Every structure is written in structure tokens, then in C-alpha cells.
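# Structure assessment
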Amino acid sequence: MHAAWSTWLVWGGVAAVLLFWGVGAYNRLVRLRTKVWSIFASLVAQLERYAAWVAEHAPEPPPGNGPPRAGDAWSNLRAASAQFSASLAAVRGKPSDTPAMAGLVAARAVLAMAWQYLDDETLARARSGQPVATLRSEWEAVNTQAQGAERAYVAAVEVYNRAVRQFPAVLLAWLFGFKRARVL
């Protein structure tokens, strides 16, 4: 009788340790995922400032029935901004959606390329009428803040993804559907 009791006690202790470990590991994964989503929401808010800058400063296309003139830097920037905003909307709240994140990365590269084609003469035609140096400074401020938010996001994603890949937490991640997040 004594041996059966001690065997039950050992197996009960092992089960209790596994249960408490599982609850703790699950809570850690939830906490890390929540942090990633929270920081991603902050990053999205910073990235939305690019489109706000374009909306504020890009002159309206000339009235007419035809499409914008090919090679017009402001038209290219408006189109890139629209694509970027659509990609941002598609990925909002879903940092683990790899195809949507890949679309956002591509749209951001197109937006950066469109910005590079704005020379001083083109910037001087901005709707806001601000000096070229001010426009460049504002764009760089948006860019700097977005990069800071992106660094925080990347750091949080690395911690979360490492936790999701660790054994034995990887079993809980698989069981409860924790997916790895993607960086920009």
C-alpha cells in the first residue's frame, strides 16, 4: 500500500509541475504576442504619417479626363502612397500574416523610391507652399520616427519568435495556434 501511495504521489507531482509549467508558458506566449501586437499598432500609427504627409503636401493632379502624366513625380508619390495605405490596411492587426507583411514591405520600398524622385524643383510645387528644406525635414522626421517604432517592433518580434520556437513551448505554440510574427 505504501509503494502505491508514493507512486501516485510522484506521478501527481509530475502532473502538477507539467500543469503549472504549461500555464506559465502559455501566459508568457500570450504576453509576448500581446506586446508584439501593441508595438505593431504603434508602428502602424507611425507609418500612417507617410500617407498624411503626402495628402497634406502633394499637389492635386491637373483636372482632365486622362490619367496622370507618366513620370510625374507627385503622381508617382500619390500612387505609391495609396498602395502603401492599402497594404497597411491589409496588415493592420495581423503581424503574423506573412503575405500581407510582404506586401507592406514592397509598398514601403515603392514609396521610398517615389520619394527619391522628388527633386527640389518638384518639391517647390508642393500644395502647402512650404520651403523645400522644411518639406525634406518633415519627411525625414516622419522617417526617423517610423524607424524608431520599427526597431522596437523588430526587438519584440525577435523575443516572441524565439519563445515560439523554444522546446517545449513550441508544443504549446502549435497546440494553441501561436504563429511567428514577421518583421518589416
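Everything numeric here is computed off the predicted structure, so don't read it as measured data. (Residues numbered from 1 in each chain as written. Predicted model: local features only at pLDDT ≥ 70, side-chain atom pairs only at ≥ 80, totals over all residues. Heavy atoms only, no water.)

### Considering the overall build of the protein chain
- Looking only at helices and strands, the protein chain features 6 helices and 0 strands.
- Along the chain direction, N to C, the helices and strands of the protein chain fall in the order α-α-α-α-α-α.
- Relative to the 2.2 N^0.38 estimate, which gives 16 Å for 184 residues, the radius of gyration of the protein chain is 25 Å and therefore markedly larger than a compact globule would have.
- Projecting the C-alpha coordinates of the protein chain onto the three principal axes gives extents of approximately 95 × 30 × 20 Å.
- Scored against the burial criterion, the 184 residues of the protein chain give a buried share of 33%.
- Counted over contacts in the protein chain with a minimum sequence separation of 6, partners at least 24 positions apart contribute 74%.
- A total of about 11000 Å² of accessible surface is found on the protein chain, and carbon and sulfur atoms cover 63% of it.
- Charge centroids of the protein chain, computed over 19 positive and 12 negative side chains, lie 15 Å from each other. (Helix = DSSP H or I, 4+ residues; strand = E, 2+ residues; numbered from the N terminus. Rg over C-alpha atoms; globule rule 2.2 N^0.38 Å. Buried < 20%, exposed > 50% of the residue type's maximum accessible area, 1.4 Å probe, protein only. Contact = heavy atoms within 4.5 Å. Areas by Shrake-Rupley, 256 points an atom, 1.4 Å probe, with all protein chains shown as cover. Lys, Arg positive; Asp, Glu negative; His and termini not counted. Charge placed at Lys NZ, Arg CZ, Asp CG, Glu CD.)

### Brief notes about the environment of Arg125
- Here Arg125 lies in the loop between helix 4 (120-123) and helix 5 (132-165).
- Of the residues examined, Arg125 reaches a relative accessible area of 43% and is grouped as partly exposed.
- Remark: the alpha-carbon pair of Arg125 and Lys179, spanning 54 residues in sequence, is separated by 46 Å.
- If near-sequence neighbours (up to four positions away) are discounted, Arg125 is found in contact with Pro59, Asp72 and Trp74.

### Description of the pattern of salt bridges
- The full count for this structure, using the stated rule, is 6 salt bridges.
- Its salt-bridge partner being Glu60, residue Arg127 comes within 2.8 Å of it at the nearest N-O pair. Pair noted here: Arg127 is in the loop between helix 4 and helix 5 and Glu60 is in the loop between helix 1 (2-57) and helix 2 (73-91), with a separation of 67 residues, a long-range link.
- Overall, Arg127 belongs to the partly exposed group, its relative accessible area being 39%.
- The exposure class assigned to Glu60 is exposed, which follows from its relative accessible area of 55%. (Salt bridge = Lys/Arg side-chain N within 4 Å of Asp/Glu carboxyl O.)

### Remarks on the side chain of Asn161
- Considering the arrangement of structural elements, one finds Asn161 in helix 5.
- Non-local contacts of Asn161, meaning those with residues more than four positions away in its chain, are made with Arg180 and Ala181.

In short, the description is geometric, and any link to function would need to be established separately.
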